[in-house]
Amino acid sequence: MRVLVVEDEPTIAAQLADALGAAGYAVDVVGNGVDAHFQGDDESQPFDAVVLDLGLPQMDGLTVLKKWRAAGRTMPVLILTARDNWHEKVAGIDAGADDYLTKPFHMEELLARLRALIRRAGGHASAELVCGEVVLDTRHSRVTVAGLALTLTSHEYRVLDYLMHHPGKVVSRSDLIDHIYAQDFDRDSNTVEVFIARLRKKLPDGVIETVRGLGYRLVSP
Ligand code: CA
């Protein structure tokens, strides 16, 4: 899952990038409203969620959000608002925000809210994603097969996490690349095949199906 962080305070931006990275997300960070609007509006760079500070240089966060929604961009957006400014929360939700947090916030709460937004966007009610014997716990970025813990690299986890959020759907290699790497990462489409091959060795037979010429599909064998 790929998350855009829009925050102009460098310390908070770095803390967010670290915490989200540790939680298994690919993270892009921008520090002003103009760059944020450009990134979030680019359909070739799909984000699974956005953390959007409202007080931003160049273009304020509320304007950015309104422009995205007017252009039909539907990714979940969590806004960061100033303390004791309930007007800002109301305006943000009316502009299309899916959730908000007041600064200063606890990172654990932000992560929990983000997980909830991403799974609801995919139609999942539970924090645990289940496919046959495979269970992915989004709260702890952990995977088990028939109750036994699986050791995955961060990229293997990201691939499986994306597939588990889209069970039964054909996911192309380019979809996977867009959702497991941050933009400035050196992307190599062959590595996706490597991650899939490694995952197949660790998962029960037949869980990741190849759909010839189209991509991969997670199935419950
Ligand atoms: Ca700010």
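Treat the numbers as computed from the prediction; the structure is a model and nothing was measured.

A.B. asks: Would you mind showing me how to read the overall build of the protein here?
C.D. replies: Within the protein, the regular secondary structure consists of 8 helices and 12 strands. Scaling as 2.2 N^0.38, a compact globule of 221 residues should have a C-alpha radius of gyration of about 17 Å, and the protein matches this with 18 Å. With the C-alpha coordinates aligned to their principal axes, the bounding extent of the protein is approximately 55 × 35 × 30 Å. For the protein, the proportion of its 221 residues judged to be buried stands at 50%. Pairs at least 24 residues apart make up 59% of the contacts formed inside the protein by residues separated by at least 6 positions. Working note: accessible area of the protein is about 10,600 Å², and carbon and sulfur atoms make up 50% of it.

A.B. asks: Just checking my understanding: could you explain the coordination of the calcium ion for this structure?
C.D. replies: Six octahedral donors at a metal ideally form angles of 90 or 180 degrees, and four tetrahedral donors ideally form angles of 109.5 degrees. Donor atoms from the polypeptide that coordinate the calcium ion comprise Asp8 (OD), Asp53 (OD) and Gly55 (O), at 2.1 to 2.3 Å from the metal. The exposure class of Gly55 is partly exposed, given its relative accessible area of 46%.

A.B. asks: Looking at this model, I keep getting lost on the nonpolar core. Mind explaining?
C.D. replies: For soluble globular proteins, the rule of thumb is that nonpolar side chains tend to be buried together. Residues Leu20, Leu110, Leu160, Leu203 and Ile208 are the most contacted members of the largest nonpolar core, which totals 47 residues. Taken domain by domain, this core gets at least three of its residues from each of domain 1 (2-121) and domain 2 (128-218). For Leu203, the residues in contact, after removing those within four places along its chain, are Val134, Val145, Leu150, Leu160 and Ile208.

A.B. asks: Just to check I follow, could you spell out the sheet that holds strand β11 (residues 208-211) for this structure?
C.D. replies: Either a parallel or an antiparallel arrangement is found when strands of a sheet pair, and the pairing is made through backbone hydrogen bonds. Pairing in this open sheet of 3 strands is antiparallel, and the strands run β10-β12-β11 from one edge to the other. At either end of the open sheet lies a strand with only one pairing partner, and these are β10 (170-171) and β11. Here β10 runs beside strand β12 (residues 215-218); their pairing, made up of 2 bridges, is antiparallel. Counterpart to Val171 in the pairing with β12 is Tyr216. With respect to the sheet, helix α8 (residues 189-202) is in contact with β11 and β12, its orientation differing from that of β11 by roughly 140°.

A.B. asks: Which parts of the structure should I look at to understand the domain arrangement of the protein?
C.D. replies: By convention, interface size is frequently given as the accessible area that disappears when the constituent parts associate. Taken domain by domain, the protein holds domain 1 (2-121) and domain 2 (128-218). Distance from the C-alpha centre of domain 1 to the C-alpha centre of domain 2: 25 Å. Contacts between the two partners involve 15 residues from domain 1 and, on the opposite side, 15 residues from domain 2. Of the roughly 1,200 Å² buried where domain 1 meets domain 2, counting both sides, 44% is carbon and sulfur surface. On the surface where domain 1 and domain 2 come into contact, there are 0 salt bridges. Joining domain 1 to domain 2, the criterion identifies 8 residue pairs in polar contact (both at pLDDT 80 or more). Where the side of domain 1 that touches domain 2 is concerned, the elements lending two or more residues are β2 (26-30) and α5 (107-121). Considering only residue class, the side of domain 1 that touches domain 2 consists of 6 nonpolar, 4 polar and 5 charged.

A.B. asks: Would you take a moment to explain the packing of helix α2 (residues 33-41) against helix α3 (residues 61-70) for this structure?
C.D. replies: When two helices pack together, their arrangement is captured by the angle between the axes and the distance separating the axes. Where α2 meets α3, the closest approach of the two axes is 9 Å, and the angle between their N-to-C directions is 20°. On the basis of their axis angle, the class for α2 and α3 is roughly parallel. The crossing of α2 and α3 is right-handed. Facing Gly33, Ala36, His37, Gly40 and Asp41 of α2, the residues of α3 in contact are Val64, Lys67 and Trp68. Taken together, the residues of the contact of α2 with α3 break down into 3 nonpolar, 3 polar and 2 charged.

A.B. asks: Is there a simple way to explain α3 in this structure?
C.D. replies: Counting along an α-helix, one turn takes 3.6 residues, and residues three or four places apart therefore face a common direction. Those residues of α3 lying buried are Gly61, Leu62, Val64, Leu65 and Trp68. Angularly, the buried residues of α3 cover 160° about the axis, an arc narrow enough to put them on a single face. Along its buried surface, α3 packs onto β1 (2-6), α2, β3 (49-53), β4 (77-81) and α4 (86-94). The opening residue of α3, the one whose side-chain oxygen lies 3.1 Å from the backbone nitrogen of Leu62, is Asp60. Of the residues trailing α3, Gly72 is marked for its positive phi of about 85°.

A.B. asks: Looking at this model, I keep getting lost on the pattern of salt bridges. Mind explaining?
C.D. replies: Opposite charge on two side chains permits them to pair, given that their charged atoms come into close proximity. For the structure shown, the criterion picks out 14 salt bridges. For Lys103, the salt bridge identified is with Glu7, shortest N-O distance 2.9 Å. Of this pair, Lys103 sits in the loop between β5 (99-102) and α5 while Glu7 sits in the loop between β1 and α1 (10-22); the two residues are 96 residues apart in sequence, bridging distant segments of the chain. Glu7 shares its class with Lys103; the two are buried.

Scoring rules and cut-offs
Residues numbered from 1 in each chain as written. Predicted model: local features only at pLDDT ≥ 70, side-chain atom pairs only at ≥ 80, totals over all residues. Heavy atoms only, no water. Helix = DSSP H or I, 4+ residues; strand = E, 2+ residues; numbered from the N terminus. Rg over C-alpha atoms; globule rule 2.2 N^0.38 Å. Buried < 20%, exposed > 50% of the residue type's maximum accessible area, 1.4 Å probe, protein only. Contact = heavy atoms within 4.5 Å. Areas by Shrake-Rupley, 256 points an atom, 1.4 Å probe, with all protein chains shown as cover. Donors = N, O, S within 2.8 Å, 3.2 Å for Na, K, Ca; no water. Core = buried A, V, L, I, M, F, W, Y, C linked by side-chain atoms within 4.5 Å. Domains from an automatic or database assignment. Pairing = 2+ DSSP bridges. Axes fitted to C-alpha atoms, helices over the stretch in contact; angles between N-to-C directions. Buried area = accessible area lost by both parts, 1.4 Å probe. Salt bridge = Lys/Arg side-chain N within 4 Å of Asp/Glu carboxyl O. Polar contact = N/O pair within 3.5 Å; in protein donor to acceptor, adjacent residues only side chain to side chain. Nonpolar A, V, L, I, M, F, W, Y, C, P; charged D, E, K, R; others polar. Parallel < 35°, antiparallel > 145°, perpendicular 65-115°, else oblique. Left-handed = near helix turned anticlockwise from the far one by under 90°. Arc of directions from axis to C-beta.

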